[in-house]
Amino acid sequence: EAMANAKVVLGANVPGIEDQLQHHKNYLFHPDNVQALVESLQKVFNHDTATNKAIGEAFHQHAAQHYSIEREVAQHQQFYQKILRK
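By convention here, each chain's residues receive numbers from 1 onward along its written sequence. It should be noted that, the model being predicted, local features are given only for residues of pLDDT at least 70 and side-chain atom pairs only at 80 or more, the latter also being counted only at that level, while totals for whole chains, interfaces and linings use all residues. The side-chain figures draw on all heavy atoms in the structure; neither hydrogens nor water molecules are used.

Quick question: what am I supposed to make of the packing of aromatic side chains here?
To describe a pair of aromatic rings, you give the distance between the ring centres and the angle between the ring planes. Classification of ring pairs uses Phe, Tyr and Trp, with its six-membered ring standing for Trp, and accepts pairs whose centres are within 6.5 Å; under 30 degrees between planes counts as stacked, over 60 as edge-to-face, and the remaining range as tilted. Enumeration over the complete set of coordinates arrives at two aromatic pairs. With 5.6 Å between their ring centres and 75° between their planes, tyrosine 27 and phenylalanine 59 make a pair best called edge-to-face. Pair noted here: tyrosine 27 is in the loop between helix 1 (17-20) and strand 2 (28-29) and phenylalanine 59 is in helix 3 (residues 49-66), with a separation of 32 residues, a long-range link. A single burial state applies to tyrosine 27 and to phenylalanine 59, both of which are buried. Their ring planes at 65° and their centres at 5.4 Å tell us that phenylalanine 79 and tyrosine 80 sit as a pair that is edge-to-face. You can call tyrosine 80 partly exposed: its relative accessible area is 48%. A ring is scored as having a charge over it whenever the NZ atom of a lysine or the CZ atom of an arginine sits within 6 Å of its centre and within 35 degrees of its normal. Cation over ring: lysine 43 sits above tyrosine 27, and NZ or CZ is 5.1 Å from the ring centre. A run of DSSP states H or I qualifies as a helix once it reaches four residues; a run of E qualifies as a strand once it reaches two. Both are numbered from the N-terminal end. Only protein chains enter the calculation, and the probe is 1.4 Å; a residue is then buried if its accessible area is under 20% of its type maximum, exposed if over 50%, and partly exposed in between.

Right, here's the structure in full:
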């Protein structure tokens with residue numbers, strides 16, 4: 001949701017989140033490393049507004065290309081059709 005709203009996204013480097021941020025690995029942090037989270041937050045807070053806006057727009061473009069409602073519905077339909085064929 002944050003990506004769709006052109007916000008900078010930080011995420012724990014765990015399955016699922018890692019997949020969504022695969023093209024933005026600089027915004028992943030190890031889930032057991034508080035210092036890594038702090039450093040990630042500082043990086044975002046130290047950016048000027050224009051930089052964060054540009055990064056947020058890149059996230060938005062990624063979300064629009066990979067997580068649109070049309071694409072999600074099509075993937076679910078394919079999944080269910082595959083199951084029904086078995």
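Help me understand a nonpolar patch on the surface in this model?
Patches draw on residues past 30% relative accessible area with no salt bridge. Two like charges within 9 Å are joined, as are two nonpolar side chains (Val, Leu, Ile, Met, Phe, Trp, Tyr) within 5 Å. For accessible areas, the Shrake-Rupley method is used with a probe of radius 1.4 Å. Any residue's cover is judged against the shown protein chains and nothing else. A side-chain nitrogen of Lys or Arg and a carboxyl oxygen of Asp or Glu constitute a salt bridge if their distance falls within 4 Å. A cluster of nonpolar side chains, contributed by Phe79, Tyr80 and Ile83, occupies part of the molecular surface with about 320 Å² of accessible area. By secondary structure assignment, the location of tyrosine 80 is in helix 4 (residues 69-85).

Quick question: what am I supposed to make of unusual backbone geometry here?
Although it is not a glycine, alanine 6 sits at a positive phi angle of roughly 60°. By secondary structure assignment, the location of alanine 6 is in the segment before strand 1 (11-12).

Looking at this structure, I do not really get the pattern of salt bridges. What am I missing?
Where charged atoms from two side chains of opposite charge come close, those side chains can pair. Enumeration over the complete set of coordinates arrives at one salt bridge. Ionic pairing is found between glutamate 18 and lysine 25, a salt bridge with its closest N-O pair at 3.8 Å. Residue class for glutamate 18 comes out partly exposed when judged on its relative accessible area of 28%.

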